[in-house]
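# Analysis of the macromolecular model
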2 protein chains.
Amino acid sequence: MSEFKPLDPLLHSQLRLAVMSLLLSVEEAEFTFLKEKTESTAGNLSVQLDKLEKAGYIEIEKSFRGKRPLTTCKITGKGIKAFEAYVENLKKYIQ
Amino acid sequence: MSEFKPLDPLLHSQLRLAVMSLLLSVEEAEFTFLKEKTESTAGNLSVQLDKLEKAGYIEIEKSFRGKRPLTTCKITGKGIKAFEAYVENLKKYIQ
DNA sequence: TAATTTGGTTTACATTATAAACCTATTTAT
DNA sequence: ATAAATAGGTTTATAATGTAAACCAAATTA
């Protein structure tokens, strides 16, 4: 009943979890949007996005808007599944 | 609406959260009980219990059962409040 | 043309988590 | 009686993680 399954360390991080949460609702978001919503520093966000991408939880597209770089993120199917599993496991910790 | 409040770092840790979760339901638990339920190593558990105690989230009593040392833990009012606040904040991350 | 801003990345440092090693005392086996 | 194993932990060393500060290139503004 009260079994504590391991919590995916990639998701059990405040900033990465916030990012995933945002991406779940919007399905596509710019770096600056994520930065504002999460109130993180750019450096921290950059690092954490990298990790999520390497895990295959999000996809990152780099392009230009006008002449400036633009980084766009979207969650993947794998990311959605991982998030859902994480939430299911987490619930057993918090009832 | 979708504001991400900071998650108490003391509780946003798999093992410490599991411990707090257990202590909430039983109100008093022995070291070995916590160790079995959380499937943690004694060393890790020892360290994490220390942190929870230093934060005032739990109380640790050391005594003897027969001739052997016995460590008993119980959650404090402060701990309960912190746990509840953590859960409230966390919910905004996971809907 | 110098300073500031945008949109980030890289790097260095501090914190954290974890396992391994250790410790003291007790119990069991020889 | 002595040695080996077990109980019930703590301490310490190392690896992993999170974060901010420093940095960079290009564009914009003063």
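Residues numbered from 1 in each chain as written. Chains lettered and ligands numbered in written order. Predicted model: local features only at pLDDT ≥ 70, side-chain atom pairs only at ≥ 80, totals over all residues. Heavy atoms only, no water.

Going by the annotation in an unreviewed UniProt entry, the name recorded for chain A is Transcriptional regulator, with Algoriphagus kandeliae given as the source organism.

## Here's the deal with the protein's contact with DNA strand D
Counted only if it meets this: Each residue is tested against the molecule or strand, and it is near if at least one of its non-hydrogen atoms lies within 4 Å. Think of a polar contact as two N or O atoms within 3.5 Å of one another; within protein, one of them needs to be a possible hydrogen donor and the other a possible acceptor, and neighboring residues in sequence only count if both atoms come from side chains. Working definition: helices are DSSP H or I runs of at least four residues, strands are E runs of at least two. Numbering for both runs from the N terminus. In this classification, Asp, Glu, Lys and Arg are treated as charged, Ala, Val, Leu, Ile, Met, Phe, Trp, Tyr, Cys and Pro as nonpolar, and every other residue, Gly included, as polar.
Near DNA strand D you find 21 residues, and of these A:Arg16, B:Ser46, B:Lys62, B:Arg68 and B:Thr71 are the closest. Counted by atom, the contact set of DNA strand D within 4 Å of the protein is 78% sugar and phosphate. Within the contact set of DNA strand D, a phosphate oxygen lies 3.3 Å away from a side-chain nitrogen or oxygen of A:Lys51. B:Arg68 has a polar side-chain atom sitting 2.9 Å from a sugar or linking oxygen of DNA strand D. The set of elements that each furnish at least two residues to the surface near DNA strand D consists of α3 (42–54) of chain A together with α2 (31–38), α3 (42–54) and β3 (68–75) of chain B. Take the surface near DNA strand D: its biggest share by element is five residues, from α3(A). Residue composition of the surface near DNA strand D, by class: six nonpolar, nine polar and six charged.

## Digging into the relation of the copies chain B and chain A
Here is the rule we go by: What sets the superposition is a least-squares fit of C-alpha atoms, and only residues with pLDDT of at least 70 in both copies go into it. Note on contacts: a residue pair is in contact if any heavy atoms of the two residues lie within 4.5 Å.
The operation relating chain B to chain A is a screw motion whose rotation component is 180°, with 0.0 Å of axial translation and a residual RMSD of 0.0 Å. Within this description, the copies of the chain are treated as partners about a two-fold rotation axis. Relative to the rotation axis, the closest C-alpha in chain B is found at B:His12, a distance of 3.9 Å. Mapped onto chain A, 100% of the interface residues of chain B again fall at the interface, so both copies present the same surface.

## Some points on the nonpolar core
What counts, and what does not: By nonpolar core is meant a set of buried Ala, Val, Leu, Ile, Met, Phe, Trp, Tyr and Cys residues that side-chain atoms within 4.5 Å join together. Burial status follows relative accessibility: with a 1.4 Å probe on protein chains alone, a residue under 20% of its type maximum counts as buried, one over 50% as exposed, and anything between as partly exposed.
Membership of the largest hydrophobic core comes to 58 residues, with the highest contact counts inside it found for A:Leu34, A:Leu49, A:Ile58, B:Leu34 and B:Leu49. Sequence-distant contacts of A:Ile58, that is, excluding residues within four places in its chain, are made with A:Met20, A:Leu23, A:Leu49, A:Leu52, A:Glu53, A:Cys73, A:Lys74, A:Ile75 and A:Thr76.

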